[in-house]
Each structure stands twice: as structure tokens, then as C-alpha cells.
Amino acid sequence: MADDGRREEDERAPGAVYRGFVVMETLMEKLKVLDVEEEVLSKHNMKNLSRHNFVSSPYVASNPGEQFYMFSIIAAWLINAAGRPFAVPQETDEPNATVANILTELRAMGVKVDFPPSKLKSGSGEFVCLVLDRLADEALRRRGFSFRRPKYPPVTAEEEPVSEEMVENGELMLGLQEEEETLQEEPEEEVETVLDLEDLKLRSGQSEVGLSSKPDEILHATVDAAEWMLELERVLPQLKVTVRADNKDWRIHVDQMHQHRDGITLVLQEATAHLDRLQEDIGKTLEKVSSREKYINNQLETLVQEYRSAKAKLSQVKMHHLQASKNVAEKTRVLAEVSDELEKIKVAMEERGSSMSDGAPVVRVKQSLTKLKQEVFQMDVRVGVVQHTLLQAKLREKSNMTRDMHAASHVPEASANTRPFS
């Protein structure tokens with residue numbers, strides 16, 4: 001968007017790029033007449049306008065949001081100043097709606113709008129300046145104000161009296177103050193006609209040398225006195241001599257010192273008188289204050305004594321209170337410790353009482369006894385089984401031994417029976 005606008009400006013005349021600056025300066029003068037700073041800026045806590053506030057340029061830093069809000073506020077105020085009601089826009093309002101309302105009011109005033117509304121959304125640029133300028137014109141027309149051409153006072157050349165002695169010597173001595181005023185009032189074009197004092201001195205010296213070289217004789221004037229006076233009046237304004245003051249000249253410093261000394265002397269006399277009167281007034285006031293203080297001290301002596309005694313008693317009471325506070329704190333600490341021990345004892349007694357009154361332990365004991373009886377019965381059964389097993393084993397072993405013994409006794413008998421047949 002910015003490149004398109006810049007390209008359009010480049011396609012126009014070369015001076016069209018700077019037309020916004022000219023319109024903005026004219027707008028500033030109109031807004032000053034309308035007192036925009038007091039009426040708008042101070043009420044909305046805005047910063048003061050600059051000469052190029054609404055100009056769109058890469059060399060001018062701007063904030064688009066702030067610029068548009070300031071533009072909408074000033075435009076609304078100018079529309080109201082032009083006699084047409086317009087609501088003050090807010091920062092949260094839609095920019096397109098605000099621009100459309102401003103352009104509608106501008107068309108209603110008879111101003112031709114031949115640019116798109118989007119040119120005003122940035123809050124800066126040539127069209128913003130043009131819109132505000134047209135609204136300012138309507139507001140000024142509503143108030144009956146119009147700009148007129150300035151009227152300059154006629155310039156009259158001031159003729160200074162010149163004595164015959166100064167004309168004959170070729171030197172015109174002027175005061176430093178008159179020379180400064182002459183330099184400020186004379187235009188630059190007349191500087192060339194000002195004579196130099198050194199040049200005049202050289203010319204006067206050369207004329208004196210020339211006169212001294214001539215023979216002494218009576219000179220008779222061949223010029224008419226009336227013509228001489230007319231010529232003198234004609235060239236008199238050009239015979240002004242400028243004596244430029246040199247700041248390094250010691251005479252100027254001495255004159256300034258004398259002037260300052262005289263001024264200091266006058267001011268010192270007045271200040272001394274005022275200070276003397278002030279010193280007298282302060283002395284009288286101090287005497288009155290001291291006498292009043294003594295009177296008050298004498299009248300309040302008994303009260304002061306009572307106050308002192310009461311203050312001493314208060315200090316003693318405070319000491320007792322401090323000691324009692326320490327004792328109370330110590331007793332409180334001991335009480336806290338005793339309370340903690342008592343709480344522990346109570347908890348232990350409650351636990352023992354609950355355990356004594358509770359039947360759960362007895363039930364658990366009975367259950368344990370029952371369980372032990374069962375286990376003892378089981379053990380007895382197991383012991384009986386083991387004894388029976390051992391008894392059977394012993395009986396089996398005994399029968400085996402008996403069998404072995406019978407077998408061993410039968411074997412020798414068989415051998416004895418079989419031996420004779422061999």
C-alpha cells in the first residue's frame with residue numbers, strides 16, 4: 001500500500017510529494033486559532049501536535065493506531081465546531097465505520113470526496129491533512145473568523161542630528177545602544193552604504209596632508225550655501241558610521257564594571273534598608289516570644305512538676321509491668337510444659353482404661369487357648385500314630401529275629417541227620 005501511494009506521488013508533479021507538508025503547516029495555524037490544545041488535546045490526555053504530525057513520510061516516525069485515534073478525535077471535534085452533531089469516537093470503535101461517518105459529514109458540508117476511505121485508516125497522509133483542513137475551514141467559517149493580509153507599518157528613515165564639528169572632522173560618534181538599534185533596523189541592502197570609521201580617518205588624514213602642502217592663502221567658496229545644504233540633507237542618511245563594539249576592549253569592560261557597580265550600589269542600599277527593617281522586626285518578635293515563653297514557664301511550673309512526678313511514677317510502673325510480664329511469661333512456659341505432661345498422662349490413662357474395659361483381649365485369649373487345644377490334640381494324635389508305628393516296627397523286628405533264630409536252629413539239626421549216610 002505504501003509503495004503504491006509513493007508510486008502515485010512520483011507519477012505526479014515533483015512538488016506534489018511535499019504538498020502534505022504545506023497543507024499541514026496551514027492546518028496547524030488554523031487549529032491554533034481554534035485552540036485545539038485546550039479544547040481537545042488536554043481533555044483526552046494527548047501529546048501536542050507537531051508541524052508534521054499527520055504527514056506521511058519515511059523521515060517522520062508515526063504510530064498508525066495512535067495517529068488514527070488522534071485524527072478521529074480532532075475530526076469529530078471540528079465537525080461539532082462546524083455546527084453538526086457528531087459522537088466522539090472511542091479506541092474500540094471500528095475504523096471503517098468511523099471513516100465512513102466522517103466522510104458522510106464531509107459530503108454533507110459540500111466537500112467533494114474523490115479518494116477511497118482506506119486512505120484515512122493509516123491516520124496520516126495527504127488526504128488526512130486535506131480532510132482536517134476542510135473541516136477546520138468549516139469550523140472557522142462557523143465562528144466567523146477569516147485570515148487577512150498583514151498590514152506593515154510604513155518605514156521612515158530616521159535622521160540623526162550631525163554637528164558641524166563632526167562633519168568637518170569626518171567622524172560621526174554614536175552611542176553603543178544607538179548603533180545596535182541601527183544594525184537591527186537597517187536591512188541588509190543598506191550595509192554597503194555604511195562608511196567605515198578607519199576609512200574616514202585615513203581620508204581626513206590625507207586631506208590634512210594635502211592642505212598642509214598647499215600655500216597658506218584665503219580660500220573662497222564657489223558653491224552656493226543653499227545648494228550645499230540641500231546636498232547635505234540628501235546625503236546625510238548615508239553618512240551613518242557603524243562603530244562595532246569589540247568585546248575584548250578593556251574600556252568596554254571598565255564601563256560595564258562601572259555600570260554593574262552603580263547598579264549593585266543602588267540595589268544594595270534598597271536591600272540594606274529592607275534587611276534592617278526585617279532585622280528589627282525579627283528582633284522584636286524574638287523578644288516577644290522569649291518573654292511569652294518565660295511567662296508560660298512561670299504559670300505552668302506546678303503543672304510541670306506534677307508532670308515530672310507522674311512521668312517518674314509511670315516509669316516505675318512500666319518497670320514493674322515489665323518484670324511482671326517476664327514472670328508471667330516464665331509461668332506461662334512452665335504451665336505449657338506441665339500441660340503437655342498432663343496431656344501425655346491422660347492419653348496413657350485413657351489407653352490403659354480402654355484396654356481394661358475392652359473385652360477384645362479376653363476373646364483373643366480364648367481363641368488362642370482353643371487354637372492351642374486343637375494343636376495339642378493334633379500333636380497327641382500324631383504322637384499316638386508315631387508310637388503305634390514304632391510298636392509295629394518293634395514287633396516286626398522281633399518276629400524277624402525270632403524267625404531268624406528258628407531258622408538257625410533247624411539248620412544244624414538237618415546237617416546232623418544227613419551226616420551218617422555219607
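Residues numbered from 1 in each chain as written. Predicted model: local features only at pLDDT ≥ 70, side-chain atom pairs only at ≥ 80, totals over all residues. Heavy atoms only, no water.

Student: Help me understand the overall build of the protein, please; the structure alone is not making it clear to me.
Tutor: Helix and strand content of the protein: 13 helices and 0 strands. Buried positions account for 17% of the 422 residues belonging to the protein. Counting only contacts in the protein whose residues sit at least 6 apart along the sequence, the fraction spanning at least 24 positions is 67%. On the protein, roughly 34,400 Å² of surface is accessible, and the fraction owed to carbon and sulfur atoms is 56%. (Helix = DSSP H or I, 4+ residues; strand = E, 2+ residues; numbered from the N terminus. Buried < 20%, exposed > 50% of the residue type's maximum accessible area, 1.4 Å probe, protein only. Contact = heavy atoms within 4.5 Å. Areas by Shrake-Rupley, 256 points an atom, 1.4 Å probe, with all protein chains shown as cover.)

Student: Explain the pattern of salt bridges here, please?
Tutor: Pairs can form between side chains of opposite charge whenever their charged atoms are close. Under the criterion given, the structure shown has 9 salt bridges. For Arg134, the salt bridge identified is with Asp133, shortest N-O distance 3.2 Å. Between Glu337 and Arg333 there is a salt bridge; the shortest N-O distance is 2.8 Å. Here the residue Glu337 and the residue Arg333 both occupy positions in helix H12 (residues 301–357), the gap between them amounting to 4 residues, near one helical turn. Salt bridges sharing partners connect three or more residues here, namely Lys30, Asp133, Arg134 and Asp137. (Salt bridge = Lys/Arg side-chain N within 4 Å of Asp/Glu carboxyl O.)

Student: Got a minute to help me understand unusual backbone geometry in this structure?
Tutor: For residues other than glycine, phi is negative in most cases, and the peptide bonds are mostly trans. A positive phi angle, near 60°, is found at Asp35, a position not held by glycine. With respect to the helices and strands, the residue Asp35 is situated in the loop between helix H2 (19–33) and helix H3 (36–41). Phi at Asn45 is positive, roughly 55°, even though this residue is not glycine. With respect to the secondary-structure elements, Asn45 resides in the loop between H3 and helix H4 (64–81). The class for Asn45 is exposed, based on a relative accessible area of 73%.

Student: Honestly, the packing of aromatic side chains in this entry has me stumped. Any pointers?
Tutor: Within a pair of aromatic rings, the relevant descriptors are the distance that separates the centres and the angle that separates the planes. Inspection of every chain in the model, using the stated rule, returns 2 aromatic pairs. Centroid distance Phe68 to Phe71: 6.3 Å. Interplanar angle 50°. Geometry classified as tilted. Of this pair, Phe68 and Phe71 both sit in helix H4, 3 residues apart, roughly one helical turn. On the basis of relative accessibility, which here comes to 0%, the residue Phe71 falls in the buried class. (Phe/Tyr/Trp six-rings, centres within 6.5 Å; stacked < 30°, edge-to-face > 60°.)

Student: Would you take a moment to explain the nonpolar core for this structure?
Tutor: Nonpolar side chains in soluble globular proteins tend to end up buried together. With 44 residues, the main nonpolar core has Leu49, Phe54, Phe71, Ile74, Leu78 and Leu132 as its most contacted residues. Elements with a contribution of two residues or more to this core: H2, H3, H4, helix H5 (95–108) and helix H6 (126–143). In terms of residues, this core owes the most to one element, H4, which gives 12 residues. With residues near it in sequence (within four places) discarded, Ile74 still touches Leu31, Val40, Leu49, Phe54 and Leu132. (Core = buried A, V, L, I, M, F, W, Y, C linked by side-chain atoms within 4.5 Å.)

Student: I'm lost on the side chain of Thr98 in this one. Help?
Tutor: Here Thr98 is to be found in helix H5. Setting aside residues up to four positions removed in sequence, Thr98 forms contacts with Phe68, Ser72, Pro89 and Asp93.

Student: Explain a negative patch on the surface to me, please; I cannot follow it from the model alone.
Tutor: On the surface, Asp340, Glu341, Glu343, Glu350 and Glu351 cluster together into a patch of negative charge. With respect to the secondary-structure elements, Glu350 resides in helix H12. Here Glu350 falls in the exposed class, since its relative accessible area comes to 58%. (Patch = residues over 30% accessible without salt bridge, like charges linked within 9 Å, V, L, I, M, F, W, Y side chains within 5 Å. Lys, Arg positive; Asp, Glu negative; His and termini not counted. Charge placed at Lys NZ, Arg CZ, Asp CG, Glu CD.)

Student: What's the story with the packing of H4 against H5 in this structure? I'm lost.
Tutor: Running from N to C, H4 and H5 cross one another at 30°; their axes reach a closest spacing of 11 Å. If you check the angle between H4 and H5, you find them roughly parallel. Crossing of H4 over H5 shows left-handed handedness. Facing Phe68, Phe71, Ser72, Ala75 and Ile79 of H4, the residues of H5 in contact are Pro95, Thr98, Val99, Ile102 and Glu105. (Axes fitted to C-alpha atoms, helices over the stretch in contact; angles between N-to-C directions. Parallel < 35°, antiparallel > 145°, perpendicular 65-115°, else oblique. Left-handed = near helix turned anticlockwise from the far one by under 90°.)

Student: Hey, could you run me through the side chain of Ser72 in this one?
Tutor: Structurally, the position occupied by Ser72 is in helix H4. The contact partners of Ser72, leaving out residues within four places of it in the chain, are Pro89, Thr98 and Ile102.

Student: What should I look at first to understand the confidence of the model for the protein in this one?
Tutor: Chain-level statistics for the protein give a pLDDT mean of 77 and a share of 73% at 70 or above. Across residues 1–11, confidence stays below pLDDT 50; counting only partners more than four residues off in sequence or on other chains, it has 4 contacts. Here residues 157–197 is modelled with pLDDT under 50, and outside its nearest four sequence neighbours on either side it reaches 37 contacts, counting other chains as well. (pLDDT = per-residue confidence, 0-100.)

Student: Can you help me understand the packing of H4 against H6 in this one?
Tutor: When two helices pack together, their arrangement is captured by the angle between the axes and the distance separating the axes. The interhelical angle for the contact between H4 and H6, taken along N-to-C directions, is 25°, at an axis separation of 8 Å. Our classification of the angle between H4 and H6 gives roughly parallel. The handedness of the crossing between H4 and H6 is left-handed. In this structure, H4 contributes Phe71, Ile74, Ala75, Trp77, Leu78, Ile79 and Ala81 to the contact, and H6 contributes Val128, Val131, Leu132, Leu135, Ala136, Ala139, Arg142 and Arg143. Tallied by class, residues from the contact of H4 with H6 come to 13 nonpolar, no polar and 2 charged. (Nonpolar A, V, L, I, M, F, W, Y, C, P; charged D, E, K, R; others polar.)

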